[in-house]
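These are the residues of each chain, in order.
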Amino acid sequence: VKQNETSIFTTYSLATMVQFKAAAAALLAMNTATNAWQTATPSRIPTSSFVATKSLSSPLTTCQKKRTTLSMVLEAPPKVGGGGMFTATNAESRRVVPENVNGRPVMKVVYVVLESQYQSSMTAAVKKMNEGSSNMAVECVGYLLEELRNDDAFEQFKKDVEEANVFVGSLIFVQELAEKVVEVVQPARENLDAVLVFPSMPEVMRLNKVGSFTMKNLGQSKSVVADFMKKKKQEDGSSFEEGMLKLLRTLPKVLKFLPSDKAADARTFMMSFQYWLGGSPDNLESMLTMVGQDYVGPVKEALDGKEKMVAEEPVLLPDKAIWHPVAPSVVFETADKYFEWYNTEFCPDAGIDPKTAPTVGLILQKSHINTKDDTHYVSLISELESRGSRVVSIYSGGLDFSGPVEEFFYDSTGKPIVDTVINLTGFALVGGPASQDHKKAASVLKKLNRPYLCAVPLVFQSFEEWQSSELGLHPIQVALQVSLPEIDGAIEPIIYAGREGATGRSVPLADRVNLLADRALKWSNLRSKQPEDKKIAITIFSFPPDKGNVGTAAYLDVFDSIKAVLKQLKNEGYDVGDAPMEKEEIMEAVLNDPEARISSPELNVAYRMSTDEYYDLTPYATELEENWGPAPGNLNSDGKNLVVYGKQFGNVFIGVQPSFGYEGDPMRLLFAKSASPHHGFAAYYTYLEKVFKADAVLHFGTHGSLEFMPGKQVGMSGTCYPDRLINSLPSAYLYAANNPSEATIAKRRSYSATVSYLTPPAENAGLYKGLKELKELISSYQGLRDNEGRGPAIVNSIVSTAWSCNLDKDIDLPDLETYDAKNDSLDNRDDIVGQVYAQIMQIESRLLPCGLHTVGVPPTAEEAIATLVNIGQLDRPEDGIEGLPRVIAASVGRDINDVYRGNNQGVLNDVELNTQIVEASRAAVRALVDQSTDSTGRVKEVKDLFDEAASFFGNLIGAKKPWTEAISKAGFPNVEEDRLAPLFQYLEFCLKQVVANNELGGIMELLNGEFLMPAPGGDPIRNPDVLPTGRNMHALDPSAIPTTAAVEVSQDVVRKLLEKLAEENEGAYPESVAFTLWGTDNIKTYGESLAQVLALVGVRPVADSLGRVNKVELIPLEQLGRPRIDVVVSCSGVFRDLFINQMNLMDRGIKMAAEADEPLDQNFVRKHAMEQAEEMNVSLREAAARVFSNAAGSYSANVGLAIENGGWEDETQLQDQFVTRKGFAFNADKPGMMEQQTELFKNALKTVDVTFQNLDSSEISITDVSHYYDSDPTKVVQGLRNDKKKPMSLMADTTTANAQVRTLSETVRLDARTKLLNPKFYEGMLSTGYEGVREIQKRLRNTMGWSATAGEVDNFVFEDANSVFIDDAEMQQRLLDTNPNAFRDMVTTFLEANGRGYWETSEENIDRLQELYAEVEDRIEGI
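What you are looking at is a predicted structure, and each value in this text was computed from that prediction instead of being measured.

A. How the structure looks around the overall build of the protein. The secondary structure content of the protein amounts to 60 helices and 36 strands. Looking at the protein as a whole, 64% of its 1423 residues qualify as buried. Contacts in the protein between residues far apart in sequence, at least 24 positions, make up 76% of those at least 6 positions apart.

What follows is the structure, given as structure tokens:
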């Protein structure tokens, strides 16, 4: 370790202080520590007097304003060992063999623990026994749970257990490793003298054996312990460990009811648990002495006739208390006693003013205090106190910290004492790693109402391993200590402590501790500072970088929303200077011109930063030169200075975040790993923090570039760019509620607290022009189908109009020249009309988000109806709710699934019935919403239509509910009201959620230093818990997916996929399918597409005893009933960040299939893996790699960037980018790394027959964003296949209850007809002005993206778009006047589509476009 400063802690004199601990901290930090210092610990302190005893291990505290500057940066981080394993430590460092047995019997102890803090205590206890015990000698070896992944370590573990007398295990909560422990200990259990397992997975707990005491029935049938646990859990929701602690306290009562020998054995187990919880060397020595003397054969025999050593009573700290490392009492059991000492004795000596100092509450793990492994805690306390802050550090004996929070973070009047809270355990507030109660945690934290940070100590890695890992924090830790605390509402998962390899002790990471202290105090500053003095930096985005794109954010009217925020800031006393309160004027100030018709080529310049100032204020500036040369460069620069764009109003700055900088550079786009930020980007954040001196930054909308800058995936280090850029600035981030995955990246990588905003409600797309005419013709036909004169004539008109609407691409229409309906049968005519009808109803009922959302504006009644209709169509069996279409269909004796099937096949009667059901559903929901709609057309307060009094009187007079009435009037008089009741109660609740908007409130809560309530992100239609918006969005517990429901849905989709493919290929199955997996989609659907991958391979996900999905098993071929289909899975960078454990599941499942000894014509995974293994000269297992993504810290194939910015020469460049950037393989055998395996990726892709993606929600479709085509490998596969045949491209659409699989070209057509070419869509967008033109152009550009990557866009799409936006002179003028920059991009896109061969059109059209381009250029330049 490099130590480049002279001191670790700067000390001040407190005469009463004993300073051993600081010396230990220094020794540990220099990597030379031993545990010799522990011998100063007093050995037998009676429990009763423990609290009053002065600690001999007091740390030093630094003077106010002085900083520790210990460097924990390694000069040359070692390679991660173990072949890509995260944990390269070795159990041999925990092996103790007695030097001199002296005829004593030897007891061998093997222990396995999740974390390493017991290592030094256990080692010290065993060494002391070997030196001082006359009754026995002890051989001991310990394993960290994660080490058991290593084959050599696992074999050694087996050998050690076979030779052992006693096995001890604790906190074994990782399923596949728990299985390994059981696999080894179960066969040896009979021969072991004792097995002690403390809170772990039930199957590991069942290994317990102390004489006649066992837990073999735990979780299976009745047992005293299990019954007690269950009762406690029901009473107060406590976790297993909480139950154990309570059992300890009630032990005497329990033991009364057991036979005396069982009572003695049960008492031994419970005493052992108490000793273990005590954690000190003395406690562990007493535990080993007691178990050895009473249960280990050789020791018992040797003691025959001798006197046993009397084991001391456990020396325990109170279950919960306040701890401070220099306190004269070890702990304090009340806040009053603590502050009496702290404020009057400690603070004056430390130079802290108790009256004005901020107070930071810390939550600690008691085991670290018990084992005196607390240097990391001491370090942070010192840093906070050196900055003039008070600290109150609490712990809990179990894993429910809510009690101590309620007890110690308030004063005697019930007022909170703390300004910020940091949970240093890394665990969820209630329940730790085992079982959590997130609702209880969030309500406790909301009551306290203070910022809540959850920092993470490294558990499975030493800090060297973490530093050298590109992935960063270990995936198991991410799941347990990042994902779960986020569901409580925690923010900022900063790594603050590492593990010292040789001793296993915790070591503070000085630069991380400094950062954590700085950020905690910045959050508390937001609470204490007067609003008028606070400086707020609102950061907006411009993507792709262009004047017409300033203020980009998914579905958000950015400038209208900024207006709402400025108004709210002003109302709450913030200084907004002379900020305009009109949207156009705010735009004018930032853009120089509200209509983007500009006289200057730049945006408004807020600040010019000289290169001297930039290098002086930006510590990492020189490191950017490798990619960008010396500053200022040519991005965000005037040639001499770096330029910050934006406008300041009083204490509020509205700034434009620079772009990545490499969008238009073909060479940079090809790099496998993303480049560092450019100087202009770094200067922007330097300006915010060090020149403008912002108290907080508000990132405005989905999304910017900060969180996607290079660095570790999770668990940033000081060299990761998101960490360097945001540094100590508190960040609030407005994120679309339907995008939890990228919001989670922002939380973890840029330390942002997110505030969710609503996406515009989805309405039915409706019909227009020829499509509308077709519906009218079909309506006429239904009335006249039997009229032999009129019926055939109408059918001829339907066929002719369908051809003119290009429906021949979607359905098999008869030949226009030769067909005459009067020569056709009635059944055939019905069939043609039914197919056309099904197609246009598919277009009409397609959901379409209309317009853009403004922050703080709840939806209108009409918008609420659209949302509730979509919520009401889904069955929710887990809540006992049937979907509205199902109940209505049942009233006419039909099953809705049969109706959907007939509708999809174009059966005229079923299409008509489905249409009637849809209309009846809308009428019913409208009837519900109308009851609460006010005169302005909005729902302010929801009327309770299920209150008992109203129901009683209604029943008395036989009145039907308004929705039942509406359904009856729509043609379904027999619908059952009782069957509708659960659904409409649910819809009434959802309506309350829809209108309860807290977006402005949520922003202000964060800016005022308060706790923002957590909420899931996702699709509000699938999961209405996403509403109301304005809360701190989180993803889900990654170990919870795929859910059982998701597996069922995925099986249905896979069946439809294979049916469609069999139809197209004469009944043959595809051999290989290329999949794209997205983070957000899998959050919204709870893992449906992940489950589809497993289903194709013929693998079943299996939940463990805690309900977590972390293992897979092969479905036997006879049960599967078809061959195993090979897959090539391309995971988005976001999926990789959030679901690396699920990548592990897929990889294990696919390799399991590859290694199954099955016929090759029934197992295409094995067939291809064997071919590739031979061709590439690698093992079968290596050749079976099928799960790929970007390098850690990099995102996307950059194909979207190239197309959006025109930075590409030809399709070959795009295809090279895809395989280079997405060709990093995940390997479950080496989970610590993503290895570049481009050749393996290409070899896997060249066998692909089908490319496949999922569409899961109505808000984001395939032309709304570039992501879908960015990761589409269709043309890549075509180029790699030996026969150069283009694979079939399919999309699963699960946006409605009627899930379908369509071809990609069908989906593109559907999307174009419902959005780009649909007046309802483009007029809705144009009504928002400047942003709306950009949204229309974005869809045109994304449509061209599909031409580039898949070649699946029909010519008529571009032709019709040209007719709508270019041929129409009035429309052309509107676009030009509203946003000339975006209109120029639109003209460019048309010309580019033609130039690249994607659109064939007339010379006349091209000439007009070229003239128009020159005209717009002149307009923009002011000529």
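There is more to say, and it comes next.
B. Inspection of the sheet that holds strand 5 (residues 209–210) at higher detail. Pairing is mixed in the open sheet, where 6 strands are placed in the order 2-1-3-4-5-6. The sheet is open, and its two edges are formed by strand 2 (137–144) and strand 6 (213–214), each paired on a single side. Sheet topology note: the strand 5/strand 6 ladder contains 2 bridges and is antiparallel. Within strand 6, the position partnered with Val210 by the bridge is Phe213. Its contacts with the sheet put helix 5 (residues 151–163) on strand 1 (106–113), strand 2 and strand 3 (166–170), and the angle it makes with strand 1 is roughly 140°. Those strands touched by helix 12 (residues 281–295) are strand 1, strand 3, strand 4 (194–197) and strand 5, and its axis lies near 145° from that of strand 4.

C. Region of the structure containing the side chain of Asn1023. Along the chain, Asn1023 falls in the loop between strand 25 (1014–1016) and strand 26 (1032–1034). Here the side chain of Asn1023 touches Tyr1086 through a polar contact of 3.2 Å, side chain to side chain. Contact partners of Asn1023, with chain neighbours within four places excluded, come to Pro1016 and Tyr1086.

D. Highlighting the confidence of the model for the protein. The predicted model of the protein averages 85 in pLDDT, with 87% of residues at 70 or higher. Within the protein, the element-level pLDDT minimum falls on helix 2 (residues 47–50), averaging 28, and the maximum on strand 11 (residues 420–423), averaging 98. Taken as a whole, residues 1–85 scores under 50 in pLDDT and shows 188 contacts with residues more than four places along the chain or in a different chain. Within the model, pLDDT remains below 50 along residues 220–226, and this stretch shows 11 contacts once partners closer than five positions in the same chain are excluded.

E. The sheet that holds strand 34 (residues 1250–1255), seen in detail. The 8 strands are arranged 33-32-31-30-27-34-35-36 in an open sheet whose pairing can be described as mixed. The open sheet has two free edges, formed respectively by strand 33 (1234–1236) and strand 36 (1300–1303), since each of these has just one partner strand. For this sheet, the mean inter-axis angle between neighbouring strands, taken without regard to orientation, is 30°. Direction of pairing for strand 32 (residues 1224–1226) relative to strand 33: antiparallel, over a ladder of 3 bridges. Bridged to Phe1226 within strand 33 is Met1234. Each of strand 27 (1072–1077), strand 30 (1126–1131), strand 31 (1187–1189), strand 32 and strand 33 touches helix 46 (residues 1140–1154); the most contacted strand, strand 31, lies at about 145° to it.

F. Broad picture of the nonpolar core. With 206 residues, the main nonpolar core has Ile540 and Met1146 as its most contacted residues. Each residue touching Met1146, except ones within four places of it in the same chain, is listed here: Leu1077, Leu1090, Val1093, Leu1094, Val1129, Cys1131, Phe1135 and Val1187. Counting residues in each nonpolar core, the second largest holds 101 residues, with Val1128, Ala1202, Ala1244 and Met1344 among its members.

Here is what the cut-offs are and how they apply
- Residues numbered from 1 in each chain as written.
- Predicted model: local features only at pLDDT ≥ 70, side-chain atom pairs only at ≥ 80, totals over all residues.
- Heavy atoms only, no water.
- Helix = DSSP H or I, 4+ residues; strand = E, 2+ residues; numbered from the N terminus.
- Buried < 20%, exposed > 50% of the residue type's maximum accessible area, 1.4 Å probe, protein only.
- Contact = heavy atoms within 4.5 Å.
- Pairing = 2+ DSSP bridges.
- Axes fitted to C-alpha atoms, helices over the stretch in contact; angles between N-to-C directions.
- Polar contact = N/O pair within 3.5 Å; in protein donor to acceptor, adjacent residues only side chain to side chain.
- pLDDT = per-residue confidence, 0-100.
- Core = buried A, V, L, I, M, F, W, Y, C linked by side-chain atoms within 4.5 Å.

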